[in-house]
Amino acid sequence: MPPIAFMQDGAFLVFRRLAQKVPEFSRSVKLAAASIPAGPNPVNPDLLGAQMVGRWKSGAPIINAPTSDNTAIADGTPDANAFEFGGDRHGQVCPFAAHVRKAYPRDDVRHDPDVTDEATIDAAEAFHANAPHDATWHFLRAGAD
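Residues numbered from 1 in each chain as written. Predicted model: local features only at pLDDT ≥ 70, side-chain atom pairs only at ≥ 80, totals over all residues. Heavy atoms only, no water.

*Asks:* Pulling in residues and values, what's your account of the packing of helix 1 (residues 22-35) against helix 2 (residues 45-53)?
*Replies:* Relative to each other, helix 1 and helix 2 sit at 115 degrees, their axes nearing to 9 Å. Helix 1 and helix 2 meet at a crossing whose hand is right-handed. Of the residues in helix 2, those touching helix 1 at Phe25, Val29, Lys30, Ala32 and Ala33 are Pro45, Leu48, Gly49, Met52 and Val53. (Axes fitted to C-alpha atoms, helices over the stretch in contact; angles between N-to-C directions. Helix = DSSP H or I, 4+ residues; strand = E, 2+ residues; numbered from the N terminus. Left-handed = near helix turned anticlockwise from the far one by under 90°. Contact = heavy atoms within 4.5 Å.)

Put into structure tokens, the structure is as follows:
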């Protein structure tokens, strides 16, 4: 028996409002990119950041723009959210650890590249879609070098 009656057969959603520190993130990504030994292909800080978040600074999904930003599919365009992860079952374009892949896995079924059924993500989708996003991101992203 739970300690409080309302806990019987119940579920909880706990959330925390986080501050988005865009300039600090940009600086950290630049430092991380610079610390990776340069080989024949130097690490591009913008690409590294996009791989961490799953989107470019414009909001374009990395899954649809894997090597460079594409403002035609950026935030505010009809195609900004028109993507799935089914064609990237091994996480080579959008890493499994990317924010968008964790927050809204879409058709991603990890650890089994042969599965084609939609993942059960209704709760995550509903929560993420209704979570407020700091407007500072939109103001600073263009100037955050």
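So that's the structure; there's more coming.
*Asks:* Hey, could you go over the side chain of Asp88 for me, with residue numbers and the actual values?
*Replies:* Looking at the secondary structure, you find Asp88 in the loop between helix 2 and helix 3 (99-103). Residue classification places Asp88 among the buried residues on the basis of a relative accessible area of 5%. A polar side-chain atom of Asp88 sits 3.1 Å from the main-chain amide nitrogen of Val93. Discounting residues that sit within four places of it in the chain, Asp88 has contacts with Ile63, Val93, Cys94 and Arg101. (Buried < 20%, exposed > 50% of the residue type's maximum accessible area, 1.4 Å probe, protein only. Polar contact = N/O pair within 3.5 Å; in protein donor to acceptor, adjacent residues only side chain to side chain.)

*Asks:* Requested: an account of helix 1, with residues and values cited.
*Replies:* Taking 1.5 Å of rise per residue, the 14 residues of helix 1 would be expected to cover 20 Å, and the 20 Å separating its terminal C-alpha atoms lies within 8% of that figure. Buried within helix 1 we find Val22, Ser26, Val29 and Ala33. End-on view of helix 1: buried residues confined to an arc of 65 degrees, all on one side of the axis. Of the exposed residues in helix 1, the ones pointing more than 90 degrees away from its buried face are Arg27, Leu31, Ala34 and Ser35. (Expected span 1.5 Å × (residues − 1). Arc of directions from axis to C-beta.)

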